[in-house]
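Coordinate inspection notes
Single-letter residue listing:
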Amino acid sequence: MSNNPSELPILQVRNLKKYFHVSKGTLHAVDDISFDIRQGKTLGMVGESGCGKSTTGRLLVRLHESDSGSIRYDGIEVTRASSKEMKVLRTKMQMIFQDPYSSINPRHTVASIIGEPLKIYKKVRNMQEYEEKVHQLMETVGLADRLYDAYPHELDGGRRQRIGIARALALEPQFIVCDEPVSALDVSIQAQILNLLMDLQDKLKLTYLFITHDLSVVKHISDDIVIMYLGQIVEQANTEELFRHPIHPYSQALSSAIPVPRLNARKERIILKSEVVSPIDPKPGCRFAPRCNYAKPECGEADPVLREVMPGRLVACHRAEMFV
Ligand code: SF4
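Residues numbered from 1 in each chain as written. Predicted model: local features only at pLDDT ≥ 70, side-chain atom pairs only at ≥ 80, totals over all residues. Heavy atoms only, no water.

A word on the sheet that holds strand β2 (residues 25-38)
If you trace the 4 strands from one edge of the open sheet to the other, you get β2-β1-β4-β5, paired in antiparallel fashion. Single-partner strands in this sheet number two, and they are β2 and β5 (76-77). In this sheet, β5 lies alongside strand β4 (residues 68-73) in antiparallel orientation, the contact comprising 2 bridges. Residue pairing in the sheet places tyrosine 73 in a bridge with isoleucine 76 of β5. On the sheet, helix α1 (residues 53-60) packs against β1 (9-22), β2 and β4 and is oriented at approximately 65 degrees with respect to β2. (Pairing = 2+ DSSP bridges. Helix = DSSP H or I, 4+ residues; strand = E, 2+ residues; numbered from the N terminus. Contact = heavy atoms within 4.5 Å. Axes fitted to C-alpha atoms, helices over the stretch in contact; angles between N-to-C directions.)

Things to note about the packing of aromatic side chains
The full count for this structure, using the stated rule, is 5 aromatic pairs. Every member of this aromatic cluster is reached through a ring pair, and the members are Tyr229, Tyr250 and Phe288. Here the guanidinium or amino end of lysine 119 rests over the ring plane of tyrosine 130, the centre of that ring lying 4.6 Å away. (Phe/Tyr/Trp six-rings, centres within 6.5 Å; stacked < 30°, edge-to-face > 60°. Lys NZ or Arg CZ within 6 Å of the ring centre and 35° of its normal.)

Let's talk about the site of the ligand
What surrounds the ligand is the set His248, Pro249, Cys286, Phe288, Ala289, Cys292, Tyr294, Ala295, Cys299, Cys317, His318 and Arg319. Under a 2 Å grid-point criterion requiring more than half of the atoms, the pocket assigned to the ligand is the largest cavity. Partitioned by chemical class, the residues of the shell around the ligand number 9 nonpolar, 2 polar and 1 charged. (Near = heavy atom within 4 Å. 1 Å grid on protein atoms, 1.4 Å probe; cavity = no way out; pocket = protein on both sides within 12 Å on 5 of 7 lines; lining within 4 Å. Sits in = over half its atoms within 2 Å of the grid points. Nonpolar A, V, L, I, M, F, W, Y, C, P; charged D, E, K, R; others polar.)

Points about the sheet that holds strand β7 (residues 175-179)
Pairing between the strands of a sheet is mediated by backbone hydrogen bonds and can be parallel or antiparallel. Taken together, 8 strands build an open sheet; the order of strands is β6-β7-β8-β3-β9-β10-β12-β11 and the sheet is mixed. Since the sheet does not close on itself, it has two edges, and those belong to β6 (93-96) and β11 (307-310), each with one partner. Across this sheet, the average inter-strand angle for adjacent strands is 20 degrees, counted without regard to direction. Running at roughly 50 degrees to β6, helix α2 (residues 83-92) makes contact with β6 and β7 of the sheet. This element, helix α10 (residues 249-256), spans β3 (42-46), β9 (224-229) and β10 (232-238) of the sheet and lies at about 110 degrees to β9.

A short note on the domain arrangement of the protein
A common measure of how large an interface is: the accessible area buried when the components associate. Along its sequence, the protein is organised into domain 1 (5-92 + 173-323) and domain 2 (106-172). Computed over C-alpha atoms, the centres of domain 1 and domain 2 are 30 Å apart. Every contact between the two is made by 17 residues of domain 1 and, on the other side, 13 residues of domain 2. For the pair domain 1 and domain 2, the two sides together bury roughly 1,200 Å², of which 73% comes from carbon and sulfur. Considering only the surface of domain 1 that becomes buried against domain 2, Thr91, Pro173 and Leu196 emerge as the three largest contributors, covering 36% of it. Linking domain 1 to domain 2 there are 0 salt bridges. Inspection of the region where domain 1 meets domain 2 yields 2 residue pairs in polar contact (both at pLDDT 80 or more). Of all the secondary structure elements, the ones that give two or more residues to the side of domain 1 that touches domain 2 are α2 and α7 (187-204). The element contributing the most residues to the side of domain 1 that touches domain 2 is α7, with 8 residues. When its residues are assigned to classes, the side of domain 1 that touches domain 2 shows 11 nonpolar, 3 polar and 3 charged. (Domains from an automatic or database assignment. Buried area = accessible area lost by both parts, 1.4 Å probe. Salt bridge = Lys/Arg side-chain N within 4 Å of Asp/Glu carboxyl O. Polar contact = N/O pair within 3.5 Å; in protein donor to acceptor, adjacent residues only side chain to side chain.)

So, in structure tokens, the structure goes:
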């Protein structure tokens, strides 16, 4: 591993599990996943709705309690952190949500939404400091001063997401879980918010977990990518490598769905068979098998283990060597 501080992981997740008991059985939302996030970098976490990526994000900042496994952030075991340690961790680790409108109080003004964490965590000494800090945060995320006393319903989706980002930045965090932060926005606004997040990362040396269902969205923002399928990681790689050569059949299908920006360029889209199997009490074997064009009987016998099939390329597929 590199000795460059920017290459060292600030967050290490090992064998993390979260199951939910529902009326039909046990839902394996996050099922034994391990990954690292390098300091000052972005890890893109990609997968379809219900694959466990948002649950993972919530586990990292302890909005959910894990069932087992370890989350180490900057040397602290998050899963066992005391309430005093969590108070410190909550200033370092923040979350930006998919729907900015549902994550902010519509009866509060822009200023009071952004400034609330400053009051809760007593980060300002008086009203003047508070107002200065809120103005500064608004400027940082590109919100005009005239919106200080505006209400969220008066703003468009992009500006509401900027409020969510400013609020997340209020406590000067080091790490932010971005949970589908652009999915609810128009394409033109998506690009603005992605650029803002990248600029903030450069300026403030932030580390991101960027969760999305859309592989094309993470292409420019992520340094590394994990692909999730039904609670498990099926592929993990450097972003450039993954786009150049997706190995797992599911990654291949996701990649084939990304439009090619050049005129006359052709790419054959891989159409997946059948529907996603239920994550409730999954049977042993590869969970992707019912949709995989390469499935063999042995694929249903045991869970494929995430293993290194090429330097730096981790893939969970019994037949991965076929695609290397
Ligand atoms: Fe397809 Fe088998 Fe690999 Fe699963 S283990 S992705 S079914 S080839």
